[in-house]
Amino acid sequence: MNPRNGLNFSGGPGALPDSVLQQVQEAILCVPEVGLSILGISHRSDWFAAVVTELENNIRTLLELPRGYHVLFLQGGATQQFSTVPMVLLHGKKFPAEYVHSGYWSGKALSEAQRGGGIRVLWSGEECGYRRLARDDELPFSPDAPYIHYVSNETVEGLQFHRVLGRDDVPRVCDMSSDFLSKPCEADRFSLIYAHAQKNIGPAGVTVVIVRESLLEHMPDHLPGFLDYRNHARTHSNFNTPPVFAIYVVLLVTRWLMKEVGGVVRMDQINREKAELLYGLLDRSDGFYCSRAHLEDRSRMNVVFTLATADAQQRFLAEAQAAGFSGLAGHRAIGGVRASIYNALTLSAVEQLAGFMEDFQHRQHRHTRC
Ligand SMILES: *Cc1c(COP(=O)(O)O)cnc(C)c1O
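A quick note: this is a predicted structure, and the numbers were derived from the prediction, not measured. (Residues numbered from 1 in each chain as written. Predicted model: local features only at pLDDT ≥ 70, side-chain atom pairs only at ≥ 80, totals over all residues. Heavy atoms only, no water.)

Trainee: Explain the overall build of the protein chain to me, please; I cannot follow it from the model alone.
Mentor: Each helix and strand counted, the protein chain has 9 helices and 14 strands in total. Expected size for 370 residues packed as a compact globule is a radius of gyration near 21 Å; at 21 Å, the protein chain falls within 12% of this value. A principal-axis box enclosing the C-alpha atoms of the protein chain has dimensions of 65 × 55 × 30 Å. For the protein chain, restricting intrachain contacts to residue pairs at least 6 apart in sequence, the fraction spanning at least 24 positions comes to 68%. A total of about 16200 Å² of accessible surface is found on the protein chain, and carbon and sulfur atoms cover 50% of it. Across the protein chain, the centroid of the 36 positively charged side chains sits 2 Å from that of the 40 negatively charged ones. (Helix = DSSP H or I, 4+ residues; strand = E, 2+ residues; numbered from the N terminus. Rg over C-alpha atoms; globule rule 2.2 N^0.38 Å. Contact = heavy atoms within 4.5 Å. Areas by Shrake-Rupley, 256 points an atom, 1.4 Å probe, with all protein chains shown as cover. Lys, Arg positive; Asp, Glu negative; His and termini not counted. Charge placed at Lys NZ, Arg CZ, Asp CG, Glu CD.)

Trainee: Looking at this model, I keep getting lost on the pattern of salt bridges. Mind explaining?
Mentor: Should the charged atoms of two oppositely charged side chains come close, the side chains can pair. Applying the stated criterion to the full structure yields 21 salt bridges. Across the pair D228 and R230 runs a salt bridge whose closest N-O atoms are separated by 2.9 Å. Taking the relative accessible area as the measure of exposure, D228 reaches 8% and is therefore buried. A salt bridge links R363 to E319; the shortest N-O distance between them is 2.8 Å. Pair noted here: R363 is in the segment after α9 (347–362) and E319 is in helix α8 (residues 310–322), with a separation of 44 residues, a long-range link. Residue classification places R363 among the partly exposed residues on the basis of a relative accessible area of 38%. Here E319 falls in the partly exposed class, since its relative accessible area comes to 27%. Through salt bridges with shared partners, a single ionic network connects R132, R135, D137 and E138. (Salt bridge = Lys/Arg side-chain N within 4 Å of Asp/Glu carboxyl O. Buried < 20%, exposed > 50% of the residue type's maximum accessible area, 1.4 Å probe, protein only.)

Trainee: Could you clarify how one ought to interpret the site of the ligand in this entry?
Mentor: Taken together, 14 residues are adjacent to the ligand, and T79, T155, D175, H196 and K199 come closest. At a separation of 2.5 Å, an oxygen atom of the ligand approaches a polar side-chain atom of H196. Q198 is positioned with one of its side-chain polar atoms (N or O) 3.1 Å from an oxygen atom of the ligand. Bound to the protein, the ligand loses 88% of the 390 Å² it would expose on its own. With 4 residues, the single largest contributor to the shell around the ligand is helix α3 (residues 77–89). (Near = heavy atom within 4 Å. Polar contact = N/O pair within 3.5 Å; in protein donor to acceptor, adjacent residues only side chain to side chain.)

Trainee: Can you help me understand the pairing of strand β12 (residues 302–307) in this one?
Mentor: One face of the sheet, then the other: side chains in a regular strand alternate in exactly this way. With respect to burial, β12 is a largely interior element, 5 of its 6 residues being buried. With 3 bridges connecting them, strand β11 (residues 289–291) and β12 associate as antiparallel partners. Bridge pairing links S291 to F305 in β12. Judged from the 4 bridges that link them, β12 and strand β14 (residues 337–340) form a sheet pairing that is antiparallel. Bridge pairing links F305 to V337 in β14. (Pairing = 2+ DSSP bridges.)

Trainee: Help me understand α8, please; the structure alone is not making it clear to me.
Mentor: Residues spaced three or four apart along an α-helix face the same direction, because each turn holds 3.6 residues. Between the first and last C-alpha of α8 there are 18 Å, a value that for 13 residues agrees with the 18 Å anticipated at 1.5 Å per step. Restricting attention to buried positions, one finds in α8 the residues A312, Q313, F316 and A320. Burial along α8 is one-sided: seen end-on, the buried residues are contained in an arc of 100 degrees. Residues of α8 that are exposed and point more than 90 degrees away from the buried face comprise A310, Q314, Q321 and A322. Downstream of α8 by one or two residues, G324 has phi in the positive range, about 100 degrees. (Expected span 1.5 Å × (residues − 1). Arc of directions from axis to C-beta.)

Trainee: Would you mind showing me how to read the sheet that holds strand β3 (residues 97–101) here?
Mentor: The strands making up a sheet associate through backbone hydrogen bonding, with each pair oriented either parallel or antiparallel. With mixed pairing, the 7 strands of this open sheet are ordered in space as β2-β10-β9-β8-β5-β3-β4. Of all the strands in the sheet, the pair left with one neighbour each is β2 (69–74) and β4 (119–124). Each strand of the sheet is rotated relative to its neighbour by a mean of 15 degrees, with strand direction disregarded. Pairing geometry for strand β9 (residues 192–196) and strand β10 (residues 207–212), over 5 bridges, is antiparallel. Of the residues in β10, the one forming a bridge with I193 is I210. In this fold helix α2 (residues 46–62) packs onto β2 and β10, with an angle of close to 125 degrees to the strand it touches most, β2. Against the sheet, α3 engages β2, β3, β8 (172–175), β9 and β10, with an angle of about 160 degrees to β9. (Axes fitted to C-alpha atoms, helices over the stretch in contact; angles between N-to-C directions.)

Trainee: Got a minute to help me understand the domain arrangement of the protein chain in this structure?
Mentor: Interface size is commonly expressed as the accessible area that is lost once the parts come together. Splitting the protein chain by domain gives domain 1 (20–261) and domain 2 (263–363). Counting from both sides, the interface comprises 29 residues of domain 1 and, opposite them, 28 residues of domain 2. Carbon and sulfur atoms make up 53% of the area that domain 1 and domain 2 hide from each other, which totals about 2400 Å². Summed over the shared surface of domain 1 and domain 2, the result is 0 salt bridges. Run the count over domain 1 and domain 2 and you get 15 residue pairs in polar contact (both at pLDDT 80 or more). Those elements giving two or more residues to the side of domain 1 that touches domain 2 turn out to be β6 (153–154), β7 (159–160) and α6 (244–261). Examining the composition of the side of domain 1 that touches domain 2, we find that 4 residues originate from one element, α6, more than from any other. By residue class, the composition of the side of domain 1 that touches domain 2 is 13 nonpolar, 9 polar and 7 charged. (Domains from an automatic or database assignment. Buried area = accessible area lost by both parts, 1.4 Å probe. Nonpolar A, V, L, I, M, F, W, Y, C, P; charged D, E, K, R; others polar.)

As structure tokens, then:
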């Protein structure tokens, strides 16, 4: 336990495991096998090639990824993928790609894709204020779409799909930025998965892209070199200078997931326990705390809720901050409170937050409901 690292409930960049931070601290000074600081090790070194190979293998193992996929480590964040995906996959297609608009981040993906045209919004949660997700009977996926796109976990609204969307005969593309490696995800049912590191698996600066090899067979030839996945696949993510440091930290996080946690099935159990603790408390609060998301679509990564009045909410956030809980203010787009409980946020930290919340409720003179 690292006593100087606070209780980080931030929506992102998120908490990282203490044991990883300790190794990072050492590596900043010197990576023993190399005799250099991680910040000054060449991306052309054998050591870094081994880092990339091990990380690729760890992700393949953790997700039970079959053959036939590239695992890439890119820059530009998830936002770059919002534009790269349609540039690569929509080129020369007759029919529109289908997007599910379930919240803030899928909206961003959508507006980038719309720049090029050829997009159909299959469903939007706008009318219900993004408080619930689409049911299967509201998603009439077409067999002709070049691909479908959705966000598995809406980080801002605290909504998570607890199933895989779409049809098996249309390529699925999914932004898994905020729940990647938090649970098994049936990776082999997707044609392209992207997830930046800074929510669940590392620092900002690197984005994991898992892409089916066959998807790259008919790519346009006019793409800028950096946006052509084939260049990154061919060079094992060493097309230009990659973010060596960020990639190394993600490697340490995958080692932690495999060796200390025991894999993504175990991680999922722990994450469920953490989420149930908080949602249980909201549900038992007699309307003092109100969950934003509908019951069946609640996110196990971002627990978003409100209090009855703006005043109560402000006091809650101020007192929580003073008690050492960091990053609880809701996203600037919707306000409220958001407890992000990513992989590295421990059950003990969630128990402490739950204790604080019960105590805060009991200390209020008048009980107002939201
Ligand atoms: C935070 C977030 C993004 C934004 O990613 P950047 O790396 O900042 O571009 C995209 N999608 C989801 C689901 C997110 O949570």
